[in-house]
Protein chains: 2
Amino acid sequence: MTTGSVVTATRKAIGFDIGGTKISCGVITDKGDPVETLLPMHTPTDPTGTLDALRTAIQELRGRHPEVSAIGVGAAGLIEWPGGHIRWAPNNSYHDMPLRRLLEDSCELPTVVDNDANVAAWAEQVLSSAPNYMLFLTVGTGVGGGLVLGGELYRGKSGIGGEVGHLIVDPRGNIRCGCGNLGCLEAVASGTALGRYGREAATADPGGTLATLAGDPAKVNGETVFAAALAGDLASRAILRRAGDWLGIGIASLVNVLDLERIVIGGGVAAAGDLLLDSARASLERYLFARAHRRIPEVVAAAQGADAGWMGAGLLALNENAGMPSPV
Amino acid sequence: MTTGSVVTATRKAIGFDIGGTKISCGVITDKGDPVETLLPMHTPTDPTGTLDALRTAIQELRGRHPEVSAIGVGAAGLIEWPGGHIRWAPNNSYHDMPLRRLLEDSCELPTVVDNDANVAAWAEQVLSSAPNYMLFLTVGTGVGGGLVLGGELYRGKSGIGGEVGHLIVDPRGNIRCGCGNLGCLEAVASGTALGRYGREAATADPGGTLATLAGDPAKVNGETVFAAALAGDLASRAILRRAGDWLGIGIASLVNVLDLERIVIGGGVAAAGDLLLDSARASLERYLFARAHRRIPEVVAAAQGADAGWMGAGLLALNENAGMPSPV
């Protein structure tokens, strides 16, 4: 993110990360430096409220940073690129919403709207100097992701690709994903899957750590498993390894097809670090095509934290409008 | 493949398709018209013999077509792009062979060397006016493929990607692929897999059509199943549907991640047409993420036949050397 020998004025953008429960935002420079972060807001339960919340935050931030020249939004859901039309978002109130146009009309600044996992991938790519062929996986309640191919975010025909959580890895497993299909990676390797594995383990061992921690085997969730694994519970560590095994299978499929150099894993579950990543690495190696004849891609934890979403969205807005003069 | 309003001289290339058993070659124009095809040669069993066979064919074809300005080779195996170094080819004698450099040194023409499935995909892309986001699958003894993303062949970091036959679709199935891994698409949806399914069916029904056709349940192979299915045998048609189901799962995974518009299926098994493709289409739809919110990609049979390999290789050579003046 450093400039070359030509000195150019610093450009700034406002970035947003619209999640299912909260909206994060701030101002970032084209050098990747965050200038100001607002306190996260609760995501309004209706589309109009969401739009109003974005407009209010933009007004406030532009008041203090009039040199802001672009707006970037990362949002959960299927989003057309470059149109910025939110086609479908199973966990949010908005859908069929032309968010890019609505924001550009009211704010008169160039705006980009992309999938939340894509903007987080972009933050990782830019701020961590990732190689040009990179898969970013975010493992939380679900499994999301973004692909960087040839140094650019990959979007496919209409921008609704990149759904790496919906690689079909376990069609025989009879486990239905939240999306309604059978055998998705998200169904077997997400925080939600950890909770299901945990409840099975706790039911089989009602006097064990998991059942004891949750008070009731039926109340075990992904957080219980995560906390118990970090505290040393062997059954919970085995569950994390099981999720890691599935992640490695999905990763191997994508490396076999896309010849990637680095896999970056972020999201809440990834905070388990090598408890999760070691089994993902071993599984990737086991399922990698022609492993003896190639370099095995590295699997690393995300370097960017909870701010990756809004920062990546702002950086993406500046990248897409790189040729545009600042209005100041 | 028609030129625009500017009239340019027709350019020509020699194309090769090096398979495990035979080498096809010919001369093609940049308009996609084949000018001459040589009779296929047996693939020599040693690398030196293979190289000599290519050089001899080039000399012969250039004698009759001195205006040839480029050479394109499609070859089975892991091949670095753009270096044209054959890193590994499990079914051929050559490996670790800098084929591009060897040909350029001896022929003094710009040369490209790429994976055989990639060049066939390129023929399909150019000659059938495929959309810009296309997956080409070739289903024969194995399952190979090529990806066109944004109108260009996708190669990944070093050119060894595109191995769609090694998507992991059935890790629980305990079926080992020829590559040594478990659960590859190739292990469950190739001609080899048809043969295995057929032997199982024939063993269970030793008086049935398959066992009768082959003379012995143990002698049933992919061709037996293919022929019996076309002749109307219901058990064999069910086997083709089973392979099609697995193809659809692999296709759905790639569409979910890569947002593709068209899937083209070629190779010997694809000659079964809708007996195979209908189940692949149904399976794709079943495993497609957010199917209600998107256009379902079309699954079609390859339009190009057995000449797709060498023709695509020649077209690719002309495409890569588009700016180069003809030496004539």
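Source: prediction; values computed, not measured.

1. Observations regarding the state of the cysteines
Covalently bonding the sulfur atom of one cysteine to the sulfur atom of another cysteine gives a disulfide.
Phase 1: Under the counting rule described, the total for this entry stands at 0 disulfides over all chains.
Phase 2: Here C177 of chain A stays free of any disulfide, with the sulfur of C179 of chain A as its closest cysteine sulfur at 3.9 Å.
Phase 3: For C177 of chain A, a relative accessible area of 5% puts it in the buried group.
Phase 4: Between C25 of chain B, a free cysteine, and C107 of chain B, which holds the nearest cysteine sulfur, the sulfur-to-sulfur gap is 12 Å.
Phase 5: On the accessibility criterion, C25 of chain B (1% relative accessible area) is buried.

2. Regarding the interface of chain A and chain B
Phase 1: If you look at the interface, chain A gives 45 residues, while chain B gives 45 residues.
Phase 2: The interface formed by chain A and chain B contains 4 salt bridges.
Phase 3: A salt bridge links K157 of chain A to E261 of chain B; the nearest nitrogen and oxygen atoms lie 3.7 Å apart.
Phase 4: Counting every contact that joins chain A to chain B gives 30 residue pairs in polar contact (both at pLDDT 80 or more).
Phase 5: Listed by contribution, the elements that provide at least two residues to the side of chain A that touches chain B are strand 7 (86-88), strand 10 (143-149), helix 8 (234-258) and helix 9 (274-287) of chain A.
Phase 6: By residue number, the principal contributor to the side of chain A that touches chain B is helix 8 of chain A, which donates 7 residues.
Phase 7: Looking at the side of chain A that touches chain B residue by residue, the classes come out as 23 nonpolar, 11 polar and 11 charged.

3. A short note on the domain arrangement of chain A
Residue and element names in this part refer to chain A.
Phase 1: Along its sequence, chain A is carved into domain 1 (12-124 + 307-320) and domain 2 (129-301).
Phase 2: The gap between the C-alpha centroids of domain 1 and domain 2 is 27 Å.
Phase 3: Taken together, the contact pairs 17 residues of domain 1 with 18 residues of domain 2.
Phase 4: Taking both partners together, domain 1 and domain 2 bury about 1400 Å²; carbon and sulfur atoms supply 57% of that area.
Phase 5: Between domain 1 and domain 2 we count 1 salt bridge in total.
Phase 6: Of the charged contacts in the structure, one is a salt bridge between R155 and D114, with a shortest N-O distance of 2.9 Å.
Phase 7: At the boundary of domain 1 with domain 2, the tally comes to 2 residue pairs in polar contact (both at pLDDT 80 or more).
Phase 8: Listing elements by their share of the side of domain 1 that touches domain 2, those giving two or more residues are strand 6 (78-79), strand 8 (111-115), helix 3 (116-127) and helix 10 (308-320).
Phase 9: Sorting elements by how many residues they give to the side of domain 1 that touches domain 2 places helix 3 first, with 6 residues.

Criteria and cut-off values
- Along each chain, the written sequence defines residue order, and numbers are assigned to residues from 1.
- Working convention: letters from A go to chains and numbers from 1 go to ligands, in the order in which they are written.
- In view of the model being predicted, local features appear only for residues whose pLDDT reaches at least 70, and side-chain atom pairs are presented and counted only at 80 or more, with totals across whole chains, interfaces and linings using the full set of residues.
- As a convention, hydrogens and water are excluded, and side-chain values are obtained from all of the structure's heavy atoms.
- Disulfides are defined in this document as cysteine sulfur pairs within 2.5 Å.
- Here the term buried applies to any residue with accessible area under 20% of the maximum for its type, exposed to any over 50%, and partly exposed to those in between, with areas from a 1.4 Å probe on protein chains only.
- Contact definition: two residues touch when any of their heavy atoms are within 4.5 Å.
- Note on definitions: salt bridges are taken to be side-chain nitrogens of Lys or Arg within 4 Å of carboxyl oxygens of Asp or Glu.
- Two N or O atoms count as a polar contact when they lie within 3.5 Å, although within protein this holds only if one can serve as hydrogen donor and the other as acceptor, and sequence-adjacent residues are included solely when both atoms are side-chain atoms.
- Helix numbering and strand numbering both begin at the N terminus, where a helix is a DSSP run of H or I of at least 4 residues and a strand a DSSP run of E of at least 2.
- Three residue categories are used. Nonpolar comprises Ala, Val, Leu, Ile, Met, Phe, Trp, Tyr, Cys and Pro, charged comprises Asp, Glu, Lys and Arg, and polar comprises the others, including Gly.
- Domain start and stop positions are those given by an automatic or database domain assignment.
- Buried surface area refers to the total accessible area, computed with a probe of radius 1.4 Å, that the two partners give up upon joining, counted for both partners together.

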